[in-house]
Amino acid sequence: TEYAIDGVHFYCETLDVSCPFPGKQSPGYCTEFVWNEWLSLPFWNQGLSHFCPKLFQGFAESRDMTDSEGAAYTYAHFCRRSRLHPGTRYLARGINSGASCGNEIECELLIWRRGGKGKSAGGSEEQDLPFTSYVWRRGSVPIWWGVDIKNTVGEAAIWVKQDDSYQHTARYFRRLRRQYVAEKPERQYSVTCVNLLRCAPGRSELTLSEGFQKGVRSANKMIKNMDLRVLNFDWHANTKALGETGTIKGLWMSIRSMLKEVGFNSGSFKCAQAGSGGSAPRAFGFSFDQKQQGVLRYNCADSLDRTNVASFFGVVPVLMQQCRKLGLDLVKKNLPEGAELSLPQGWEARKDQVTGKTFYIDHNTKTTTWECPFDTTLVKDAREMAAEPWWVLDMEVMDVRDNICTELLSTLMEQFKVEGDMNAMLYTGSRAMHSAILQQILPEPMQKKSGSTSSTANNALLSVKRRYLNLVHDGHRQQQIEMFLGIHAARFFPSLSYFAPCEYNPDKAHPDSDVEEGDGAAERGQNAGNSGGPSDTATASDLLGGMELKETVNFQSSKSLDDSVTESQDNLIDFDSPAITT
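If you're wondering where the values come from, they're calculated on a predicted model, not measured in any experiment. (Residues numbered from 1 in each chain as written. Predicted model: local features only at pLDDT ≥ 70, side-chain atom pairs only at ≥ 80, totals over all residues. Heavy atoms only, no water.)

Considerations on the overall build of the protein chain
Item 1. Of regular secondary structure, the protein chain possesses 15 helices and 18 strands.
Item 2. Here the protein chain holds 582 residues, and the buried ones make up 54% of them.
Item 3. Across the protein chain, every contact between residues at least 6 apart in sequence was considered, and the portion connecting residues at least 24 apart equals 74%. (Helix = DSSP H or I, 4+ residues; strand = E, 2+ residues; numbered from the N terminus. Buried < 20%, exposed > 50% of the residue type's maximum accessible area, 1.4 Å probe, protein only. Contact = heavy atoms within 4.5 Å.)

Structure representation (structure tokens):
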């Protein structure tokens, strides 16, 4: 097997994309998402960062588009996979000793309106571009839990650690607050966990859901200036009871108050270029008129299929509001399919026998016209509807797909399908399931219909394939991931200390610390006596074997982030997985 590089990583040489736009303005960066930090440290320590840019695992794509009136805008979509609890499905789930979650991903939608060129005082070309950005998270359930595999088919038995104090859960949410409100740590910050687990009695996921809610209640008491909430939305049960469109409407009704409360970032940035016409930007300047006040975090058990679908439909209302903020008109100019069935009173539609074109008869005035009467009725009504704040939350999904330009919605859907398949392949070795529901955002003629029996059979086949790959191949994949990240470097590269003497440093200060201010020294002293585990104040780099070059031959590798989980699962098999190709 081999570690996947091509098609699943991205980098940027002109802007810090390790955190939400506009990134860190200082030389620092968010280490959580930089997957090549260990390999690049020799370059960076010598000031040669331009030779080895930061590498991010995940998805990044941008598209240049125009709205219904021809206004140009750019739409960008990022998903950054965390490296703080790396690995495969059965070896990296739940939370670890470093207070990080398996399959944790930070996602961002960034839109800016193009145009607005001018000249700065220095004579260089300058663009003033309004932008909006929205950030959400997805990940495994952030408590100590796992599964017992009794056979190769069927549902695995879920267990939850009974004596969990939920200290690691609190540390995880505390770090989220530090990342997003670092400039004002005293500011209240909310995290709403959209829990998609099955909650019906008799389901094994019910135990996990109850443990999750208990963990959030405990963490709420331990963290200052933070409001943690859990919204239970049993995706499978709702789909069975309400159907796909009813489930989407139910999700929008459930999260509407949270979306309005959290909002999104908006402002403008100036991009100055050299007067010679060079394409590379010379300088940036940013200003905000509003900032996102919290974050929604979506989860099923493993942050896979249900999470991808629910987060897609959770993002659609925000995307429409972002476009409204930028003054973009996304209402269709032409009629939706079947609109002639509800013509205004006294109107009739007929087809010309010669040209085959549709013409319209107004029996009220006894006149005919080629122009559709909806140009002044339905389109006007749709524009008035789209002008209302957060209008999608009050609508059915068919109202959105019939009135909003298909290009943006289809692009978002295709990106979520690619993103879902990529994350599932990296985590389980197979593509995502239950993705057909994403087509509900498209007009019916564009939807690829498949029978429910066929879809159920395909999902069942994928489940069996996942279980086989996880049971047989995940061990090798886990080793490759750890080698790439520098985890257990002394084990995989025993001669490394002779060629590059290095020493593990758990006390290096870091802005992403997940302990309360003023408690760092006490916790460092307390954890110094613990049995071999990483310090609670260890940085993201330290937890993954980050090294500093020193004049010593002593090497101390960090304990694997998932050791504590796997040690308590003695009955698990050594897994490994085949190569991933995209």
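Let's talk about the packing of aromatic side chains
Item 1. Counted according to the given criterion, the structure contains 19 aromatic pairs.
Item 2. The interplanar angle of 75° and the centroid separation of 5.7 Å between the aromatic rings of tyrosine 29 and tryptophan 44 together place this pair among those described as edge-to-face. In this pair, tyrosine 29 is assigned in the loop between β1 (9–10) and α1 (37–44) and tryptophan 44 in helix α1, connecting sequence segments 15 residues apart.
Item 3. Exposure remark for tyrosine 29: the relative accessible area of 15% places this residue in the buried category. (Phe/Tyr/Trp six-rings, centres within 6.5 Å; stacked < 30°, edge-to-face > 60°.)

A word on the sheet that holds strand β14 (residues 347–351)
Item 1. Ordered in space as β14-β15-β16, the three strands form an open sheet in which the pairing is antiparallel. On the outer flanks of this sheet lie β14 and β16 (367–369), each paired with one strand and no other. On average, each strand axis in the sheet is inclined to that of its neighbour by 30°, with strand direction left out of account.
Item 2. Alignment of strand β15 (residues 358–362) against β16, held across three bridges, turns out to be antiparallel. Bridge pairing in β16 links isoleucine 361 to threonine 368. (Pairing = 2+ DSSP bridges. Axes fitted to C-alpha atoms, helices over the stretch in contact; angles between N-to-C directions.)

A closer look at the pattern of salt bridges
Item 1. Under the counting rule described, the total for this entry stands at 20 salt bridges.
Item 2. Note that arginine 114 and aspartate 64 form a salt bridge whose closest N and O atoms lie 3.4 Å from each other. Taken together, the positions of arginine 114 in the loop between β4 (105–113) and β5 (117–119) and aspartate 64 in strand β2 (residues 56–66) put the pair 50 residues apart, joining distant regions of the chain.
Item 3. Between lysine 325 and aspartate 289 there is a salt bridge, with the nearest N and O atoms lying 3.8 Å from each other. Of this pair, lysine 325 sits in helix α5 (residues 305–325) while aspartate 289 sits in strand β12 (residues 281–290), and the two are 36 residues apart along the sequence.
Item 4. Assessed through its relative accessible area of 40%, lysine 325 is described here as partly exposed.
Item 5. One connected set of salt bridges, linked through shared partners, spans Glu32, Arg80, Glu104, Glu106, Glu108, Arg137 and Arg297. (Salt bridge = Lys/Arg side-chain N within 4 Å of Asp/Glu carboxyl O.)

Considering the pairing of β14
Strand residues, when the strand is regular, have side chains that alternate between the two faces of the sheet.
Item 1. Of the pairings in the sheet, the one linking β14 to β15 comprises five bridges and is antiparallel in character. When the bridges of β15 are listed, tryptophan 347 appears paired with aspartate 362.
Item 2. In this structure, the hairpin formed by β14 and β15 is closed by a connection of six residues, where glycine 356 is found at a positive phi of approximately 80°.

Comments concerning the packing of helix α4 (residues 235–262) against α5
Item 1. The geometry of α4 relative to α5 is characterised by a closest axis approach of 10 Å and an angle of 45° between their N-to-C directions. Here α5 runs oblique to α4, going by the angle between their axes. Considering the relative orientation of α4 and α5, their crossing is right-handed. Together, Trp235, His236, Ile248, Leu251, Trp252, Ile255 and Leu259 of α4 and Arg306, Val309, Ala310, Phe313, Gly314, Val316, Pro317 and Val318 of α5 make up the contact between the two elements. (Parallel < 35°, antiparallel > 145°, perpendicular 65-115°, else oblique. Left-handed = near helix turned anticlockwise from the far one by under 90°.)

Some thoughts on a nonpolar patch on the surface
Item 1. A cluster of nonpolar side chains, contributed by Phe43, Leu48 and Phe51, occupies part of the molecular surface with about 290 Å² of accessible area.
Item 2. With respect to the helices and strands, leucine 48 occurs in the loop between α1 and β2. (Patch = residues over 30% accessible without salt bridge, like charges linked within 9 Å, V, L, I, M, F, W, Y side chains within 5 Å. Areas by Shrake-Rupley, 256 points an atom, 1.4 Å probe, with all protein chains shown as cover.)

Notes on α4
Item 1. Between its first and last C-alpha, α4 extends only 22 Å over 28 residues, short of the 40 Å set by a 1.5 Å rise per residue.
Item 2. Considered for burial, the residues of α4 that qualify are Trp235, Asn238, Thr247, Ile248, Lys249, Gly250, Leu251, Trp252, Ile255, Met258, Leu259 and Val262.
Item 3. Between a side-chain oxygen at the N-terminus of α4 and the backbone nitrogen of histidine 236 the separation is 3.4 Å; the capping residue is aspartate 234.
Item 4. Residue glycine 263 follows α4 closely and has a positive phi angle near 70°. (Expected span 1.5 Å × (residues − 1). Polar contact = N/O pair within 3.5 Å; in protein donor to acceptor, adjacent residues only side chain to side chain.)

What about the environment of lysine 351?
Item 1. Mapped onto the elements of the fold, lysine 351 is located in strand β14.
Item 2. Look past the residues within four positions of lysine 351 in its chain and what remains in contact with it is Gly356, Lys357, Thr358 and Phe359.

So, the confidence of the model for the protein chain
Item 1. The predicted model of the protein chain averages 78 in pLDDT, with 74% of residues at 70 or higher.
Item 2. Mean pLDDT across the elements of the protein chain bottoms out in strand β18 (residues 547–549) (34) and peaks in β4 (96).
Item 3. Counting interchain partners and residues more than four positions distant, the pLDDT-below-50 stretch residues 337–341 has five contacts.
Item 4. Counted against residues more than four places away or in other chains, residues 517–582, with its pLDDT under 50, gives 165 contacts. (pLDDT = per-residue confidence, 0-100.)

What to know about the packing of α5 against helix α8 (residues 406–428)
Item 1. As a packed pair, α5 and α8 sit with axes 11 Å apart at the nearest point and diverge in direction by 145°. In this structure, α5 crosses over α8, and the sense of that crossing is right-handed. When α5 is examined against α8, the residues Asn308, Ser311, Phe312, Val315, Val316, Leu319, Met320 and Cys323 are found in contact with a partner set consisting of Leu408, Leu409, Leu412, Met413, Phe416, Glu419 and Gly420.
Item 2. Along the lines of polarity and charge, the residues of the contact of α5 with α8 split into eleven nonpolar, three polar and one charged. (Nonpolar A, V, L, I, M, F, W, Y, C, P; charged D, E, K, R; others polar.)

Considering the environment of valine 34
Item 1. Relative to the assigned elements, valine 34 resides in the loop between β1 and α1.
Item 2. For valine 34, a relative accessible area of 0% puts it in the buried group.
Item 3. In contact with valine 34, not counting residues within four places along its chain, are Ser18, Tyr29, Trp44, Lys54, Leu55, Phe56 and Arg83.

A short note on α8
Item 1. Under the 1.5 Å per step criterion, the end-to-end length of α8 is 32 Å for 23 residues, consistent within 8% with the ideal 33 Å.
Item 2. Directly beyond the C-terminal end of α8, a positive phi value near 90° is found at glycine 429.

Focus on unusual backbone geometry
Item 1. Each neighbour pair has its own omega, and for phenylalanine 21 with proline 22 the value is 10°, a cis peptide bond.
Item 2. Position of proline 22 relative to the elements: it lies in the loop between β1 and α1.
Item 3. Positive phi values are uncommon outside glycine, yet tyrosine 166 reaches one of about 60°.
Item 4. Relative to the helices and strands, tyrosine 166 is located in the loop between β8 (157–160) and α2 (167–180).

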